[in-house]
Amino acid sequence: ALHERYGVATALNAGNWLYFWPQVLLGRLQLSAESRLAAHERLSLCLLRCHEGQALDLQVRVDQLQQREVMQVALTITRLKTGGLLGLAAALGALAADAPAEHVAAIAVLGRELGVGLQMLDDLSGVLNSARRHKALEDLRHGRVTWLWALLSQELDRSAYDALLRELRTTMEGGSSDALIERMRFRVGNLGLKLARERVREAVDQLASVIGHASWGDAVLEQFNWLERRYVQS
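## Side note on the overall build of the protein
In terms of helices and strands, the protein carries 11 helices and zero strands. Scanning the protein from its N terminus toward the C terminus, one meets helices and strands in the order α-α-α-α-α-α-α-α-α-α-α. Viewed in the frame of its principal axes, the protein has a C-alpha envelope of about 55 × 45 × 35 Å. Counting the 234 residues in the protein, one finds 40% classified as buried. Intrachain contacts of the protein at a sequence separation of at least 6 include 72% that bridge at least 24 residues. When the 27 basic and 27 acidic side-chain charges of the protein are each reduced to a single mean position, those positions are 3 Å apart.

So, in structure tokens, the structure goes:
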């Protein structure tokens, strides 16, 4: 939107500025010296890892990977990008609340897994929600390593998986993607949603084992379920 409305130069400048502005905001918070240092270190590491995840996302095509590699590559990209950002947000909140170090680490893991779950919803929505079909089309035309392919790589035998890759290459060359999208939706759509929910629930249970279970766990799951509906319903 910024590129369209204000031009490339302004949009790029705004994006670059946003990398550095959070560092300034952290310096303004009333944190202890120890918490402020930990916050800055987490932010710097998150930005670095986001760039690494973006490099993988832009440069690695799913049809260049072995079937057995796809799940791990998808998980790595997601943890570096979406998972890393939500993990950072959760950890910063815990640091601001002066939580013990072990609690900060555990809360960051919940944030990371929420990010993974959200990325799964985002990828799946492209084949489950007609209003977001453009998402699936863009990912397919660029051969991106999405959670759709990660799940397909686990569910299909080699022959069936290779057949879908051949359809993908046709799409990448400008061919129709309608049949491929329908097959992906049929194969892994609802399964993917179930796995995303299970992933988040396991992360909630893991954090509860560290800090104790309370109403926060139900609130997190309720919010994730609401987000799922927003992603997949037209």
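Additional details are given in the paragraphs that follow.
## Describing the nonpolar core
Membership of the largest hydrophobic core comes to 45 residues, with the highest contact counts inside it found for Val62, Val70, Val145, Trp149, Leu152, Tyr161 and Met184. Secondary-structure elements contributing two or more residues to this core are helix H4 (70-80), helix H6 (101-128), helix H7 (133-141), helix H8 (147-155), helix H9 (158-172), helix H10 (178-211) and helix H11 (215-232). At 10 residues, the largest contribution of residues to this core is made by H10. Those residues in contact with Trp149, other than ones at most four positions away along the chain, are Val62, Val70, Leu140, Arg144, Tyr161, Leu164, Leu165, Leu168 and Met184.

## Thoughts on unusual backbone geometry
Phi is positive for Asp98, close to 60°, though the residue is something other than glycine. Checked against the element boundaries, Asp98 lands in the loop between helix H5 (82-96) and H6.

## Digging into helix H2 (residues 8-28)
Under the 1.5 Å per step criterion, the end-to-end length of H2 is 31 Å for 21 residues, consistent within 8% with the ideal 30 Å. Considering bend angle alone, the principal kink of H2 is centred on Tyr19 and spans about 30°; proline Pro22 follows within four residues of it.

## Some remarks on the pattern of salt bridges
Think of it this way: side chains of opposite charge can pair up when their charged atoms draw near. Applying the stated criterion across every chain yields a total of 18 salt bridges. Arg132 serves as the salt-bridge partner of Asp122, at 2.3 Å between the closest nitrogen and oxygen. Of this pair, Asp122 sits in helix H6 while Arg132 sits in the loop between H6 and H7, placing them 10 residues apart in sequence. A salt bridge links Glu182 to Arg185, with the nearest nitrogen and oxygen atoms 3.0 Å apart. Here the residue Glu182 and the residue Arg185 both occupy positions in helix H10, the gap between them amounting to three residues, near one helical turn. Residue classification places Glu182 among the partly exposed residues on the basis of a relative accessible area of 34%. One salt-bridge network, held together by shared partners, links Asp122, Asp123, Arg132, Lys135, Glu138, Asp139 and Arg144.

## Notes on the layout of surface pockets
Estimates place the volume of the largest pocket at around 530 Å³. What lines the largest pocket is a set of 25 residues, among which Gln54, Asp57, Lys81, Gln119 and Lys135 lie closest to the centre. Of all elements in the fold, only helix H3 (33-59), H4, H5, H6 and H7 reach the threshold of two or more residues within the lining of the largest pocket. Looking at which element gives the most residues to the lining of the largest pocket, the answer is H3, with six residues. Taken together, the residues that form the lining of the largest pocket break down as nine nonpolar, seven polar and nine charged.

## Some remarks on the packing of H3 against H4
The geometry of H3 relative to H4 is characterised by a closest axis approach of 7 Å and an angle of 145° between their N-to-C directions. For the pair H3 and H4, the crossing hand works out as left-handed. Contacts from Arg49, Cys50, Glu52, Gly53, Leu56 and Asp57 in H3 reach Thr76, Ile77 and Leu80 in H4. Classifying every residue of the contact of H3 with H4 by side-chain character gives four nonpolar, two polar and three charged.

## Regarding the confidence of the model for the protein
Confidence along the protein averages 93 in pLDDT terms, with 100% of residues attaining 70 or more. Here H2 stands out as the least confident element of the protein, with mean pLDDT 91; H4 is the most confident, with 97.

Each value, and the rule that gives it
- Within each chain, residue numbers correspond to sequence positions counted from 1 in written order.
- Predicted model: local features are reported for residues with pLDDT of at least 70 only, side-chain atom pairs are reported and counted for 80 or more only, and whole-chain, interface and lining totals are derived from all residues.
- As a rule here, side-chain values come from all non-hydrogen atoms in the structure, and water together with hydrogens is ignored.
- The helix count covers DSSP runs of H or I at least four residues long, the strand count covers runs of E at least two residues long, and both are numbered beginning at the N terminus.
- Categorising residues by exposure relies on relative accessible area from a 1.4 Å probe, with only protein chains included: less than 20% of the type maximum marks a residue as buried, more than 50% marks it as exposed, and the intermediate range marks it as partly exposed.
- In this analysis, two residues are considered to be in contact whenever any of their non-hydrogen atoms come within 4.5 Å of each other.
- The positive count covers Lys and Arg only, the negative count covers Asp and Glu only, and His and the chain ends enter neither.
- For charged residues, the charge sits on one atom: NZ in Lys, CZ in Arg, CG in Asp, CD in Glu.
- Think of a nonpolar core as a cluster: buried Ala, Val, Leu, Ile, Met, Phe, Trp, Tyr and Cys residues, connected wherever their side-chain atoms sit within 4.5 Å.
- In this scheme, a helix's expected span is set at 1.5 Å multiplied by one less than its residue total.
- The angle between axes fitted to the seven-residue stretch ending at a residue and the seven-residue stretch beginning at it gives the bend at that residue.
- Each salt bridge in this description consists of a side-chain nitrogen of Lys or Arg and a carboxyl oxygen of Asp or Glu lying within 4 Å of one another.
- Grid points spaced at 1 Å and placed over the protein atoms alone form the basis of the search, with a cavity being a set where a 1.4 Å probe fits but cannot get out and a pocket an open set showing protein on both sides within 12 Å along at least five of seven lines. Lining residues have an atom within 4 Å of a point.
- Grid points are joined across faces, edges and corners, and a volume is the space filled by probe spheres set on the points.
- In the scheme used here, Gly and all other residues not listed as nonpolar or charged are polar, with Ala, Val, Leu, Ile, Met, Phe, Trp, Tyr, Cys and Pro taken as nonpolar and Asp, Glu, Lys and Arg as charged.
- For every element, the axis is a line fit to its C-alpha atoms; helices are fit only across the contacting stretch, and the angle between N-to-C directions ranges from 0 to 180 degrees.
- In this scheme, a crossing is called left-handed if the near helix is turned counterclockwise away from the far one by less than a right angle; it is called right-handed if the turn is clockwise.
- One number per residue, pLDDT, summarises how confident the predictor is, and it ranges from 0 to 100.

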